[in-house]
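# Secondary and tertiary structure notes
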Amino acid sequence: MSSPIQALLQQAVAKHQQGYLQQAEDLYVQVLQIDAQQFDALHLIGLIAKQRGDTQSAMNFFAKAIAINPRDAKVHCNLGATFQEIGNAQQALVCYDLALTLKKDYALAWNNRGNSLRALHRYQEALDSFTKAMEIQLNYPEAFLNRGICLQELEEHEQALADFEDALSLRSDYAEAAFARAFSLQQLRLYEQAHTAYSHALNTAFAAKTNHSSTEKLAAIFCNRGMVCAKLQRFDEALSDFQQAIALRADFMNAYIQAAHIHQRLQQNEAAIRCFQTALKLALDTGREDIHQKSIKQEIAYHLAALGAAPTPLAAPTSYVKDLFDQYADHFDAHLQENLAYQVPQLLQSALHE
């Protein structure tokens, strides 16, 4: 490498590491003006494009870099991460596997590979990939988080909790791990613990808030904590959390739906109607017509009909009936025996004994 190119690259990498992306890019461009085939400049200018969200430019630069040096594992891994960002998990997996044939102990590639496998619903392979990453890099909070999320998708929330706690022990300010831990506690119906955990996640996320994505994260935490408050019958707190979520993200359809449920339960029907109507408008505005979106629209319309603000449907939506029984499951036995005085098993046992 000639001396002028080496000096420019050193300056560029220093600026890049400090977060001065434009200055770093200008220096990489100067390198390419001297040598259009300079691998590091092509690779790293592609990485800047990826950091800015310009995935097409990133892929173009990575492809040019690979054409010059196809045996560099990092550029294949970065190309895989770019495919992953645009939702092409299968092509991302190809890139990660290629990176790992070049560098078997590449912990980041193993971790990213696990994310692609999870997106493809190949959960056991994903778990194995995350575990491999942690074997190579012992203190790897991101791998613990990702393995925990994979376990969540398998409904293995107790195991997932252990991974989230390990991630937080390695990085106490890890907002994503704090949020994921709270969610698993919520799914395990440990609502008091979940409420405390969501409050901790909020404090952590507020401390780390720097961009639009963190605003969405905060809104999600507020919404989930509100749902936990509803389970604990702390309805005023629940409404406050849903309002906070909506203030952070005006198009947060689920926050409007959850707020509507609370208003409906408190017999604040006009407020419930307004929230359901806003949620329905947001659902219609998405333009999506998949099964999930269709069921959401049907449920909202059903609730509006129950409040006298929409035509009465022929039957309750299937998803509504399922959710209703799921919500009832955690207190079904107690309600059956304590409120409804259900005694058939005991009476049968007495009859048989006699």
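Before reading further, recall that the structure is shown in the block above.
Here the structure is a predicted model, which means the values were calculated and not measured. (Residues numbered from 1 in each chain as written. Predicted model: local features only at pLDDT ≥ 70, side-chain atom pairs only at ≥ 80, totals over all residues. Heavy atoms only, no water.)

A tally of regular secondary structure across the chain gives 20 helices and 0 strands. A total of 354 residues make up the chain; the buried ones form 44% of that total. The long-range fraction of contacts in the chain, counting pairs at least 24 apart against all pairs at least 6 apart in sequence, stands at 47%. If you sum the accessible surface of the chain, you get close to 19,400 Å²; carbon and sulfur atoms cover 51% of it. (Helix = DSSP H or I, 4+ residues; strand = E, 2+ residues; numbered from the N terminus. Buried < 20%, exposed > 50% of the residue type's maximum accessible area, 1.4 Å probe, protein only. Contact = heavy atoms within 4.5 Å. Areas by Shrake-Rupley, 256 points an atom, 1.4 Å probe, with all protein chains shown as cover.)

For the pair helix H11 (residues 175–187) and helix H12 (residues 191–208), the least separation of the axes is 8 Å and the interaxial angle reads 165°. As far as their axial angle goes, H12 and H11 are roughly antiparallel. Seen from above, H11 lies across H12 with left-handed handedness. Where H11 approaches H12, its residues Ala175, Ala178, Phe179, Arg181, Ala182, Phe183, Leu185 and Gln186 are matched on the opposing element by Tyr191, Gln193, Ala194, Ala197, Tyr198, His200, Ala201, Thr204 and Ala205. Residues belonging to the contact of H11 with H12 are distributed by class as follows: 12 nonpolar, 4 polar and 1 charged. (Axes fitted to C-alpha atoms, helices over the stretch in contact; angles between N-to-C directions. Parallel < 35°, antiparallel > 145°, perpendicular 65-115°, else oblique. Left-handed = near helix turned anticlockwise from the far one by under 90°. Nonpolar A, V, L, I, M, F, W, Y, C, P; charged D, E, K, R; others polar.)

As a further point, take the nonpolar core. Burial of nonpolar side chains together is a common tendency in soluble globular proteins. Judged by nonpolar contacts, the single largest core of 103 residues is most densely connected at Tyr28 and Ile300. When residues no more than four places from it in sequence are discounted, the contact partners of Ile300 are Ile257, Phe276, Ala279 and Leu280. (Core = buried A, V, L, I, M, F, W, Y, C linked by side-chain atoms within 4.5 Å.)

The next thing to look at is the pattern of salt bridges. By the definition in use, this model includes 15 salt bridges. Salt-bridge contacts for Asp97 lead to Arg113; the nearest nitrogen and oxygen are separated by 2.7 Å. One end of the pair, Asp97, is in helix H6 (residues 89–102); the other, Arg113, is in helix H7 (residues 107–119), with 16 residues separating them in the sequence. A relative accessible area of 32% places Asp97 in the partly exposed class. Classification of Arg113 by relative accessible area gives buried; the value is 16%. (Salt bridge = Lys/Arg side-chain N within 4 Å of Asp/Glu carboxyl O.)

Let us look at unusual backbone geometry. Here the phi dihedral of Arg189 falls at roughly 65°; this positive angle occurs in a residue that is not glycine. Tracing the backbone through its elements, the reader meets Arg189 in the loop between H11 and H12. Judged by its relative accessible area of 41%, Arg189 is partly exposed. Even without being a glycine, Gln233 presents a positive backbone phi close to 60°. Residue position: Gln233 is located in the loop between helix H13 (212–231) and helix H14 (235–248).

Turning next to the packing of aromatic side chains. With the rule as written, the count across this model stands at 2 aromatic pairs. Ring plane angle 75° and centroid distance 6.2 Å describe the contact between Phe206 and Phe222, whose orientation is recorded as edge-to-face. Linking Phe206 in helix H12 with Phe222 in helix H13, this pair joins segments that are 16 residues apart in sequence. The cationic tip of Lys103 hangs over the ring face of Tyr106; the distance from NZ or CZ to the ring centre is 4.9 Å. For Arg171, the ring lying beneath its charged end belongs to Tyr174, and the centroid distance is 3.9 Å. (Phe/Tyr/Trp six-rings, centres within 6.5 Å; stacked < 30°, edge-to-face > 60°. Lys NZ or Arg CZ within 6 Å of the ring centre and 35° of its normal.)

The next point concerns H6. Relative to the 20 Å expected for 14 residues at 1.5 Å per residue, H6 spans 20 Å between its end C-alpha atoms, a close match to the ideal helical length. On the buried face of H6, the contacting elements are helix H5 (73–85) and H7. (Expected span 1.5 Å × (residues − 1).)

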